[in-house]
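Here is how the chains run, residue by residue.
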Amino acid sequence: MNKFMHEAQKESIVLLVNRIINEKNSKDRKKTLKRLSYVMETFFGDLFQKKSFSDARKLIDEGGKWFQFLNRALDTLNPNIVRTAIMDLGFESGFYGLRNRNLSMTKYHCNIPWAILFDPTSACNLHCIGCWAAEYGHTMNLSYDIMDKIVNEGTAVGCHFYLLTGGEPLVRKMDILKLCKSHADCEFHAFTNGTLIDDVFCQEVTKVGNLSFSISVEGFREVNDSRRGTGVFDSVMHAMDLLRHYGIVFGTSICYTRNNIQTVTSDTFLDLLISKGAWFTWYFHYMPVGNNASVDLLPTKEQRAYMIRRIREIRGVKGGKPIFAIDFQNDGQFIDGCVAGGRNYCHINPNGDVEPCVFIHYSSANIKEQSLISCLQQPLFQEYAKGQPFNHNHLRPCPMLENPQYLAEMVKRSGAKSTDMQSPESVDHLCEKCKEYAEHWLPVADKLWTEIQTEENEKISEQKIL
């Protein structure tokens, strides 16, 4: 698409978005939201099924849970945050960027990620027990120029969404704000422990508009502080209060283990997050990464089966909770399995190594020495592209956790090396830890997958009758 067409489409969308933000009457807002959906369908209907747009309009017409959720966001979030999120994450990343990505994949013969996760630093102001990021040590950083290079080269091929982790990314908060200002057409999202969020920083975030947060929390005060340190839970609650006060989008990042899975999915815990202003809660299955990682923290097969049902219950169109729940491991059916290796995302560690996934510490490419495209064309990523999906049961998506034989084979065929700076772990050692888990999960996952497919087919049949 030429630049003139892009700018013209962008301007027309901005006008509608501004109108939606300013409208307070629910009926008027519904009308304009539906008009926006028709405009987007006209511009980008070739990229999505027609049903996607009609389903969105149906949700608006029904005025149910998720329309009320959207209304609350439009009424309570900072207008610059809302406008920028819609334009950067929606228009630039989800629509315009998707078209550019498709063209780039054809041109470069490799996966082009929708989102790139990179670590500004390995440094952290906390010393949490069992933190996988600590495997990289605490002295590495990506320079501002390298981070700028990642975003420039990513944007050129259609990627407009950048996630930041570490270490603690907000150790580099001034560079992050500078990056946000320099790339106003991109959305940035930081995974943070929350302890470095203060009034001054929040004021700057509302000015740039294109920075949101996932705050790490593992439960209530006693459990959280036993891993992260005394007083951290209270600091996190204070950070949430500040973000809510300034109308900044945030949610939580929660690693669920055998020990905390019931607590972090309980009504009581979710109600606390909602009361603090969290808009989403992002769950991550514990991964036994690192030579000293414990397999005893892996959820049982019964716990994982519970998790699958519970997440769907929380975010159901009816009932559940007014918070959007995402499960990185168990939502594979909505994205056709594993998203790593550049298919939808990849990870760049603070040493510059470009890895297929934040949990897979192997690579043969470094962004400090190569172009982004060259890194995405590395042999390990090509192996991922050839193997995905690694399982047609999308409750078993990962080439490490549920299909460990695949990761071991891919790393060996590609010649990728461990990127662990402290204690390099062989791929055989890593995958061996997952074999028993994979074997136990297989029959449960297959039974659940059949049940879920049957239930969804029945819903489709009912809708056709209605």
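All residue numbers refer to position in the chain's written sequence, counted from 1. In keeping with the model being predicted, local features are shown solely for residues with a pLDDT of at least 70 and side-chain atom pairs are shown and tallied solely at 80 or more, while totals for entire chains, interfaces and linings include all residues. By convention in this description, side-chain values take in all heavy atoms of the structure and omit both hydrogens and water.

Within an unreviewed UniProt entry, the label attached to the chain reads Pyrroloquinoline quinone biosynthesis protein PqqE, and the organism entered is Megasphaera cerevisiae DSM 20462.

(A) Highlighting the environment of Gln377. Here a helix means four or more residues in a row that DSSP labels H or I, a strand means two or more in a row labelled E, and each is numbered from the N terminus. On the secondary structure map, Gln377 appears in the loop between α14 (372–376) and α15 (379–387). Counting along the chain gives 135 residues from Gln377 to Leu242, while the straight-line C-alpha distance between them is 42 Å. Every residue in contact with Gln377, bar those within four places of it in the chain, is listed here: Tyr108, Cys110 and Gln382. At a separation of 2.9 Å, a polar atom in the side chain of Gln377 contacts the main-chain carbonyl oxygen of Tyr108. Should any heavy atoms of two residues lie within 4.5 Å, those residues are counted as being in contact. Nitrogen and oxygen atoms within 3.5 Å of one another constitute a polar contact, given that in protein one can donate a hydrogen and the other can accept it, and given that sequence-neighbouring residues count only through two side-chain atoms.

(B) Here's a closer look at the pattern of salt bridges. Throughout this description, the term salt bridge denotes a Lys or Arg side-chain nitrogen within 4 Å of a carboxyl oxygen of Asp or Glu. Evaluated as defined, the whole model comprises 32 salt bridges. Its salt-bridge partner being Arg343, residue Asp336 comes within 3.9 Å of it at the nearest N-O pair. One salt bridge connects Asp428 with Lys412, and the closest N-O pair in it is separated by 2.9 Å. Of this pair, Asp428 sits in helix α17 (residues 427–465) while Lys412 sits in helix α16 (residues 404–414), placing them 16 residues apart in sequence. Each residue is assigned to one of three classes by its accessible area relative to the maximum for its type, calculated with a 1.4 Å probe on protein chains only: buried under 20%, partly exposed between the two thresholds, exposed over 50%. Using a relative accessible area of 52% as the deciding quantity, one classes Lys412 as exposed. Beyond isolated ion pairs, a larger network of salt bridges with shared partners links Asp267, Asp271, Arg310, Glu313 and Lys321.

(C) Unusual backbone geometry, seen in detail. With omega at 15 degrees, the peptide bond leading from Gly166 into Gly167 counts as cis. In the segment running from Gln388 into Pro389, the intervening peptide bond is cis, with an omega of -10 degrees. Here the phi dihedral of His109 falls at roughly 55 degrees; this positive angle occurs in a residue that is not glycine. Looking at the secondary structure, you find His109 in the loop between α5 (79–108) and β1 (115–118).

(D) Summary view of empty space enclosed by the protein. A cavity, in this analysis, means grid points on a 1 Å lattice covering only the protein atoms where a 1.4 Å probe fits yet has no way out; a pocket is instead an open set bounded by protein on both sides within 12 Å along at least five of seven lines, and a residue lines either one if it has an atom within 4 Å of a point. Grid points are joined across faces, edges and corners, and a volume is the space filled by probe spheres set on the points. As enumerated under the stated definition, the model contains one cavity of 30 Å³ or more in all. What the largest cavity holds in volume is close to 50 Å³. In terms of lining, the largest cavity is formed by Val289, Gly290, His361, Tyr362, Ser418, Asp420, Glu425 and Leu430. Classification convention: Asp, Glu, Lys, Arg as charged; Ala, Val, Leu, Ile, Met, Phe, Trp, Tyr, Cys, Pro as nonpolar; all other residues, Gly among them, as polar. Looking at side-chain class alone, the lining of the largest cavity contains three nonpolar, three polar and two charged residues.

(E) Inspection of the nonpolar core at higher detail. Grouped together as the largest cluster of nonpolar side chains are 96 residues, with contacts concentrated most on Ile116, Phe118, Ile150, Tyr162, Leu211, Phe213 and Tyr283. Sorting elements by how many residues they give to this core places helix α10 (residues 232–245) first, with eight residues. The domain boundaries here were taken from an automatic or database domain assignment. Each of domain 1 (3–76) and domain 2 (111–465) accounts for three or more of the residues forming this core. Core analysis: the second largest hydrophobic core is formed by 45 residues, Trp282, Tyr362, Val411 and Ala416 among them. The definition of a nonpolar core used throughout is a set of buried Ala, Val, Leu, Ile, Met, Phe, Trp, Tyr and Cys residues joined through side-chain atoms within 4.5 Å.

(F) Main features of the sheet that holds strand β8 (residues 345–348). Any two strands with at least two DSSP bridges between them are considered paired. Strand order in the open sheet formed by nine strands is β7-β6-β5-β4-β3-β2-β1-β8-β9, and the pairing between neighbours is mixed. Each of the sheet's edge strands pairs with one partner strand only, and the pair in question is β7 (324–327) and β9 (354–355). As paired strands, strand β6 (residues 280–285) and β7 are joined by four bridges and run parallel to one another. Within β7, the position partnered with Tyr283 by the bridge is Asp327. For every element, the axis is a line fit to its C-alpha atoms; helices are fit only across the contacting stretch, and the angle between N-to-C directions ranges from 0 to 180 degrees. Sitting on the sheet, α5 touches β2 (161–164) and β3 (187–192), and the angle it makes with β3 is about 110 degrees.

(G) Region of interest: the packing of helix α6 (residues 144–156) against helix α7 (residues 173–182). At a minimum axis separation of 11 Å, α6 and α7 run at an interaxial angle of 35 degrees. For the pair α6 and α7, the sense of crossing is right-handed. Taken together, the residues of α7 that come into contact with α6 (itself represented by Tyr144, Met147, Asp148 and Val151) are Asp175, Lys178, Leu179 and Ser182. Class assignment of the residues belonging to the contact of α6 with α7 gives a composition of four nonpolar, one polar and three charged. Definitions for this section: a left-handed crossing has its near helix turned counterclockwise from the far helix by less than a right angle. A right-handed crossing has that turn clockwise.

(H) Region of the structure containing the side chain of Ser414. Take Ser414: it is sitting in helix α16. Judged by its relative accessible area of 12%, Ser414 falls in the buried class. Polar contacts involving the side chain of Ser414 include one to the main-chain carbonyl oxygen of Val411, which spans 3.1 Å. Of the polar contacts made by the side chain of Ser414, one reaches the backbone nitrogen of Ala416; its length is 3.3 Å. With sequence-adjacent residues up to four places away left out, Ser414 is seen in contact with Pro379, Leu380 and Glu383.

(I) Spatial organisation of the packing of aromatic side chains. Centres within 6.5 Å are what make two rings of Phe, Tyr or Trp a pair, Trp counting through its six-membered ring; a difference in plane orientation under 30 degrees is then read as stacked, over 60 as edge-to-face, and the rest as tilted. Summed over the entire model, instances satisfying the criterion amount to 22 aromatic pairs. Look at Trp66 and Phe69: their rings are 5.0 Å apart centre to centre, the planes differ by 75 degrees, and that puts the pair in the edge-to-face class. With a gap of three residues between them, Trp66 and Phe69 both fall in helix α4 (residues 65–76), about one helical turn apart. Taken individually, Trp66 and Phe69 each receive the classification buried, so the pair is uniform in this respect.

(J) Just the layout of surface pockets, in detail. Volume-wise, the second largest pocket comes out at about 260 Å³. Taken together, Arg258, Val295, Asp296, Leu298, Pro299, Thr300, Lys301, Lys433, Glu436, Tyr437, His440 and Trp441 make up the lining of the second largest pocket. The biggest single contributor to the lining of the second largest pocket is α17, with five residues. The class makeup of the residues in the lining of the second largest pocket is five nonpolar, two polar and five charged.

(K) Summary view of the domain arrangement of the chain. Looking at the chain, the domain boundaries give domain 1 (3–76) and domain 2 (111–465). In this assembly, seven residues from domain 1 lie in contact with twelve residues from domain 2. Of the roughly 860 Å² buried between domain 1 and domain 2 on both sides combined, carbon and sulfur atoms contribute 61%. Buried area is a sum: the accessible area each of two parts loses on coming together, probed at 1.4 Å, counted once for each and added. Looking only at domain 1, the three residues that lose the most surface to domain 2 are Lys65, Trp66 and Phe69, adding up to 60% of its buried area. Across the domain 1-domain 2 interface, the total number found is zero salt bridges. The interface formed by domain 1 and domain 2 includes six residue pairs in polar contact (both at pLDDT 80 or more). The greatest single-element share of the side of domain 1 that touches domain 2, amounting to six residues, is contributed by α4. The class makeup of the residues in the side of domain 1 that touches domain 2 is four nonpolar, one polar and two charged.

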